[in-house]
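# Geometric and topological summary
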Amino acid sequence: MSGFSGSYDPADVTFLLKPVTLAATDVAAKERAIQSGARHYSEMIAPETVPDAAYLALYHAALQRNGLRLASDIAALAAHLAARADGREMVIASLARAGTPIGVLLLRTLRAHGVAAAHYSISIIRDRGIDRAALAHIARRHDPADVVFVDGWTGKGAIARELRRSLADRPFGFAPTLAVVADPAGVADIAATSDDYLIASGLLNGIVSGLVSRSILSDAVVGPGDFHACVTYPEYAAADQSRAFVDALAPMAALAQPRPIGEHDAARATLRAASGALVAQMLDAIGSEDANRVKPGIAEATRALLRRMPERLFVRDPQDADVAHLIHLAEQGGVPVERLAADCRYRAVTIIRSLGRDRVAA
């Protein structure tokens, strides 16, 4: 197993995933299987299609509106990671797939400033853990002490907790250091901001992530010693935004004057408390005890609307341009839209529909 680069330049990333053929599972059937406990979410893949022209226009508007901010945040993260590396190689292990575009941007920015860097994209799955075959692959080629795990954002913090749980025994010497652009949940070790703002790549699925699916872990396609699996989407090459996204932002990130960022330890407890309070409030509102039905944050709310069966959408301000795409998706799907409190740290929350049993996986 040697990995592949998807639709990215091979110099930008190596996906440590196993491409397989797997039939897509209808969203309703997938939701029933998850909620009944019959199957884990990672065993199935929902269908992916190319968004309509109106939605793609919202993506391009978001990239134009927030691109400079994201580039500035990437520059800040890259400078912080370079300082941590202190002359050593910086190895980025992005968490497939939302972390992949961010990992590419960080790699390019580090290299633009003369820092030796490598980038792998690997799978981590809630309740199932990180891909140890991928960790072993990296450990054979790099010092695990030089590795930082990268994602785009945090929602409730489920993946951050999974990362720490998976690496609690320090396999091969890896430490669970997580760097993200936006950390409204207060669970990352390194973050450029705690603001829940719209990162344009969060609007899209495979067509902004190298034409690669979410990772899959099923005995039907993953054998002993294999990487976690994925499906690829070469049929969507004409609509692919993966290279265009990083090509648009990397030059800006390379030229940006990086601002200092800390590991934001002082703010993390407050952020975690606010996130927990919001989830508890949402659960009370829907009469549920299943926190996995609550998807806070713009990006997580988006993914729930795109890939799950949403019950309702909450937004802090319906006129906020950063939630326009969510309103668009909700209107298309007939999903009711309600208001969050004006002082909520999150700008959007999607609630997953219950199909009768209060058990839903992330």
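To keep things clear, this report deals only with the structure shown in the data block. (Residues numbered from 1 in each chain as written. Predicted model: local features only at pLDDT ≥ 70, side-chain atom pairs only at ≥ 80, totals over all residues. Heavy atoms only, no water.)

## Considerations on the sheet that holds strand β3 (residues 90-95)
Pairing is parallel in the open sheet, where 6 strands are placed in the order β1-β4-β3-β7-β8-β9. Here the strands that pair on one side only, and so sit at the sheet edges, are β1 (14-15) and β9 (190-193). Looking at chain direction, β1 and strand β4 (residues 117-122) are connected through 2 bridges and run parallel. Its bridge partner lying in β4, F15 is registered against S121. (Pairing = 2+ DSSP bridges. Helix = DSSP H or I, 4+ residues; strand = E, 2+ residues; numbered from the N terminus.)

## Side note on the packing of helix α2 (residues 53-85) against helix α9 (residues 324-333)
Following both chains from N to C, one finds α2 and α9 inclined at 165°, their axes separated by 10 Å at the closest point. When the axes of α2 and α9 are compared, the pair comes out roughly antiparallel. The hand of the α2/α9 crossing is left-handed. Facing A54, Y55 and L58 of α2, the residues of α9 in contact are A324, H325, H328 and L329. (Axes fitted to C-alpha atoms, helices over the stretch in contact; angles between N-to-C directions. Parallel < 35°, antiparallel > 145°, perpendicular 65-115°, else oblique. Left-handed = near helix turned anticlockwise from the far one by under 90°. Contact = heavy atoms within 4.5 Å.)

## Observations concerning the packing of α2 against helix α3 (residues 99-112)
The axes of two packed helices give the description: the angle between them and the distance between them. Interaxial distance between α2 and α3 falls to 9 Å at its minimum, and their mutual angle equals 65°. Between α2 and α3 lies a crossing of right-handed hand. Between α2 and α3, the contacting residues are L70, I74, A75, L77, A78, L81 and A82 on the first element and I102, L105, L106, T109 and L110 on the second. Across the contact of α2 with α3, the residue classes tally to 11 nonpolar, 1 polar and no charged. (Nonpolar A, V, L, I, M, F, W, Y, C, P; charged D, E, K, R; others polar.)

## What about the environment of V222?
Assignment of secondary structure puts V222 in the loop between β9 and β10 (229-230). A residue is classified by how much of its surface remains accessible, and V222, at 10% relative accessible area, is buried. For V222, the residues in contact, after removing those within four places along its chain, are K18, I216, L217, F227, H228 and A229. (Buried < 20%, exposed > 50% of the residue type's maximum accessible area, 1.4 Å probe, protein only.)

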